Amino acid sequence: MSVFRALRQVTASSSRAVTRPVARSGPLRLATVQLAPRASMTVARAFSVSAHRFSEGSTDVVLSQKLAEELKYEKEAIADAPGEPEFLKTFKEQGLWEIQDLIGNDEVTLVRKFGNETIRMMFSIADIQSAEEEPEYEHEEGEGGEDQPLHSYPIRASFSITKGNGKGSINIDTMCQEGSFIIDNMSYYPDAQLGTELTAEADWKRRGLYIGPQFDTLDVSVQEEIEKWVQERGINENLATFVPEYSEYKEQKEYVRWLDNVKNFMDA
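A word on the pattern of salt bridges. Close approach of charged atoms allows side chains with opposite charge to pair. The final tally for this structure, using the stated rule, is eleven salt bridges. Here Lys72 makes a salt bridge to Glu76, at a shortest N to O gap of 2.5 Å. Here Lys72 and its partner Glu76 are both found in helix α3 (residues 60–77), four residues apart, which amounts to about one turn of the helix. Note on Glu76: relative accessible area 47%, which makes it partly exposed. Shared partners join several salt bridges into a network, and the residues in it are Asp101, Lys250, Glu254 and Arg257.

This part is about the nonpolar core. One finds Trp97, Leu110, Met121, Phe123, Phe159, Phe181 and Leu239 to be the most contacted residues of the largest nonpolar core, which totals 28 residues. Looking at this core, the elements with two or more residues in it are α4 (86–94), β2 (107–114), β3 (117–124), β4 (155–163), β5 (169–177), β6 (180–189), α8 (220–232) and α9 (237–267). The element contributing the most residues to this core is α9, with six residues. Residues in contact with Trp97, not counting those within four places in the same chain, are Phe91, Leu110, Val111, Arg112, Ile119, Met121, Arg233, Gly234, Ile235 and Leu239. Of all hydrophobic cores here, the second largest spans five residues; its members include Leu67, Leu71, Tyr255 and Val256.

What follows is about the pairing of β2. As defined by bridge partners, strand β1 (residues 98–100) adjoins β2 across three bridges and the pair is classed as antiparallel. The partner of Gln100 across the bridge, within β2, is Thr109. Hairpin remark: β1 followed by β2, antiparallel, with six residues in the connecting loop; positive phi at Gly104, about 95 degrees. Sheet topology note: the β2/β3 ladder contains eight bridges and is antiparallel. The partner of Lys113 across the bridge, within β3, is Thr118. Following β2, the chain reverses through two residues before pairing antiparallel with β3; Gly115 in that reversal takes a positive phi of roughly 65 degrees.

This next bit is on the layout of surface pockets. The calculated volume of the second largest pocket comes to roughly 690 Å³. For the second largest pocket, the lining is made up of 29 residues, of which Ser158, Asn171, Asp173, Leu198 and Arg206 are closest to its centre. Where the lining of the second largest pocket is concerned, the elements lending two or more residues are β3, β4, β5, β6, α6 (192–196) and α7 (200–207). Of the residues belonging to the lining of the second largest pocket, the class tally is nine nonpolar, ten polar and ten charged.

As summarised here, the arrangement of the six strands in space is β1-β2-β3-β4-β5-β6, forming an open sheet in which the pairing is antiparallel. In this open sheet, the two edge strands, each paired with only one partner strand, are β1 and β6. Pairwise comparison of adjacent strand axes, ignoring direction, gives a mean angle of 20 degrees for this sheet. Across the face of the sheet, α8 comes into contact with β2, β3, β4, β5 and β6 while running at roughly 100 degrees to β6.

Let's shift gears to the packing of aromatic side chains. Evaluated as defined, the whole model comprises seven aromatic pairs. Each ring, one from Phe87 and one from Phe242, has its centre 5.8 Å from the other, and the planes form 50 degrees; the classification is tilted. With a gap of 155 residues between them, Phe87 in helix α4 and Phe242 in helix α9 connect regions that are remote in the sequence. Over the face of the ring belonging to Trp97 we find Arg112, whose NZ or CZ atom lies 5.8 Å from the ring centre.

Reading the values: rules and limits
- Residues numbered from 1 in each chain as written.
- Predicted model: local features only at pLDDT ≥ 70, side-chain atom pairs only at ≥ 80, totals over all residues.
- Heavy atoms only, no water.
- Salt bridge = Lys/Arg side-chain N within 4 Å of Asp/Glu carboxyl O.
- Helix = DSSP H or I, 4+ residues; strand = E, 2+ residues; numbered from the N terminus.
- Buried < 20%, exposed > 50% of the residue type's maximum accessible area, 1.4 Å probe, protein only.
- Core = buried A, V, L, I, M, F, W, Y, C linked by side-chain atoms within 4.5 Å.
- Contact = heavy atoms within 4.5 Å.
- Pairing = 2+ DSSP bridges.
- 1 Å grid on protein atoms, 1.4 Å probe; cavity = no way out; pocket = protein on both sides within 12 Å on 5 of 7 lines; lining within 4 Å.
- Points joined across faces, edges and corners; volume = space filled by probe spheres on them.
- Nonpolar A, V, L, I, M, F, W, Y, C, P; charged D, E, K, R; others polar.
- Axes fitted to C-alpha atoms, helices over the stretch in contact; angles between N-to-C directions.
- Phe/Tyr/Trp six-rings, centres within 6.5 Å; stacked < 30°, edge-to-face > 60°.
- Lys NZ or Arg CZ within 6 Å of the ring centre and 35° of its normal.

This is the structure:
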């Protein structure tokens, strides 16, 4: 959930008026007068159209109103924001990673070349929603009164590294948190396609393979050299800072899109 939505929850109960339809005091009568005024016929016709427009549900109109209020609030909150945030412009200008982001998907892929290697990174904005469900006391000030980093929640990120002139792939599972990548494990797949293919069949085959030891059980000197090897390929603090920023940016866009789609469905 975005910062805007968090602010909305704090202020909604005290400052936002709730709009509810006024219940009718009696049944609608249209046939008691032979020549009814034209205005009355217009009202009756409008009511008939509204009933068909909002299907058969008695809650459709109120739900549509609530969605419209939420959508209006979110759009107003970002109305003054630039079309593309500064952090994203800076990241693109560096020219290291290509962003592959499909509208409606919760996963984001970054791809880059390093010599004869192709490095692919994947992370999901769903981890933001999971982090926001944690109790508030876990996000209080730390010892000594120091504030927690702006993006202290963890986001899972996986990397696959393949070589154009060789077989196999190296896959690295990490946790992106507080401006760094924490390596969980590093696995090797003799079949590069198996190591990079995103299908249920490939995932099933990978489950039966040895994925290597837990990273923190390796000899310290081996850990250090792997970390240097990874950082040389651009998997560093700069990238670890970008991931949560882009996750929040994408989550906000997807949320507004979701509100709009659901409201349009209710109104159809």
